[in-house]
Amino acid sequence: MRTLLILSTAGLLSACSTMADKLQGSLTPPPGDGYAIFSLVGKSSEPDRSSASVSWNSLDSALQGRVYANMGTNTIFGENGNMAAGKLELLTLPPGRYQLNTAYGYWPSGLGRFGDGGIQIRSFPLNLPFSVEAGKAVYLGEVLLEMDYLPTAEIRDAQQRDFAHMKNVWKVNNLNTVVIAPFKAATIPAN
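Scoring rules and cut-offs
- Residues numbered from 1 in each chain as written.
- Predicted model: local features only at pLDDT ≥ 70, side-chain atom pairs only at ≥ 80, totals over all residues.
- Heavy atoms only, no water.
- Helix = DSSP H or I, 4+ residues; strand = E, 2+ residues; numbered from the N terminus.
- Polar contact = N/O pair within 3.5 Å; in protein donor to acceptor, adjacent residues only side chain to side chain.
- Salt bridge = Lys/Arg side-chain N within 4 Å of Asp/Glu carboxyl O.
- Buried < 20%, exposed > 50% of the residue type's maximum accessible area, 1.4 Å probe, protein only.
- Pairing = 2+ DSSP bridges.
- Axes fitted to C-alpha atoms, helices over the stretch in contact; angles between N-to-C directions.
- Contact = heavy atoms within 4.5 Å.

Trainee: Is there a simple way to explain the side chain of Glu 142 in this structure?
Mentor: One can find Glu 142 in strand β8 (residues 137-146). A polar side-chain atom of Glu 142 sits 2.5 Å from a polar atom in the side chain of Arg 156.

Here it is as structure tokens:
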């Protein structure tokens, strides 16, 4: 049992140190690229069985991708115990115009006899444009999915918590160079 606990702790620490190892204390992107940083967070009555994703694409090319967060295993750590179930994402992108297209929430429907009624999947049209410049990191804010009864996506600024995570978990000492350009606050109902 003790060995399992030690291995689990080591696994968590290595997962947390991956971004810190990659960045080596600096938010300076690779030559010719830029960084886009945002958090994907979810609230659910069953976080261990809930997750979220956001699709993004370039407005200038065919480049596209998706970011995933598991509410049971991913955590953003802010100051003084301010935590959120989700993931702080760092995208390395060539300069250009992009957008976060659609967010998706996945959570238990709870309609079955033992809560095994399956998984609900809801989409939230975001259409949030942003720009990336070579050599710069831009902070975009937070996409928060409220799951369960009245599903919505909230777009908001979570800079204080997210910057604390960058400093304490990613081990980035100087955040003064980050361009702060959060999306306009909004509440988006599910489709």
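Read on for the rest.
Trainee: I keep staring at the pattern of salt bridges and nothing clicks. Help me out?
Mentor: Pairing between side chains of opposite charge can happen when the charged atoms of each approach one another. Summed over the entire model, instances satisfying the criterion amount to nine salt bridges. The salt bridge partner of Glu 46 is Arg 49, with a shortest N-O separation of 3.0 Å. Here Arg 156 and Glu 142 are joined by a salt bridge, their closest N and O atoms 2.5 Å apart. Of this pair, Arg 156 sits in strand β9 (residues 152-156) while Glu 142 is found in strand β8, placing the two residues 14 residues apart along the sequence. On the basis of relative accessibility, which here comes to 33%, the residue Arg 156 falls in the partly exposed class. Taken together, the shared-partner salt bridges in this structure form one network comprising Glu 142, Glu 154, Arg 156, Arg 161 and Asp 162.

Trainee: Which parts of the structure should I look at to understand unusual backbone geometry?
Mentor: Peptide bonds are mostly trans, and most non-glycine residues show a negative phi. Phi angles above zero are rare outside glycine, and Gln 24 is one such case at about 50°. Mapped onto the elements, Gln 24 comes out in the loop between α1 (2-23) and β1 (34-43). At Asp 148, a position not held by glycine, the phi torsion is positive, near 85°. Following the sequence through the fold, Asp 148 ends up in the loop between β8 and β9.

Trainee: Can you help me understand the sheet that holds strand β3 (residues 64-70) in this one?
Mentor: Consider a sheet: its strands pair through backbone hydrogen bonds, and that pairing is either parallel or antiparallel. Judged by pairing direction, the sheet is antiparallel, and its four strands sit side by side in the order β3-β2-β6-β7 without closing on themselves. Each edge of the open sheet is held by one strand with a lone partner, namely β3 and β7 (119-132). Averaged over all pairs of adjacent strands, the angle between strand axes in this sheet comes to 20°, irrespective of strand direction. Of the strand pairs in this sheet, strand β2 (residues 51-58) and strand β6 (residues 96-108) are connected by eight bridges, and their pairing is antiparallel. Opposite Ser 53, over in β6, you have Tyr 104 as the bridge partner.

Trainee: What should I look at first to understand helix α2 (residues 159-168) in this one?
Mentor: Taken together, the buried positions of α2 are occupied by Arg 161, Asp 162, Phe 163, Ala 164, His 165 and Met 166. Where α2 is buried, its residues contact β1, β4 (75-77), β5 (83-93), β8 and β10 (179-180).

Trainee: In this structure, what is going on with the environment of Glu 89? I would like to understand it.
Mentor: Along the chain, the position of Glu 89 falls in strand β5. Residue classification places Glu 89 among the buried residues on the basis of a relative accessible area of 13%. If near-sequence neighbours (up to four positions away) are discounted, Glu 89 is found in contact with Ala 36, Ile 37, Phe 38, Val 67 and Trp 170. Within the structure, Glu 89 has its side chain in polar contact with the side chain of Lys 87 (distance 3.4 Å).

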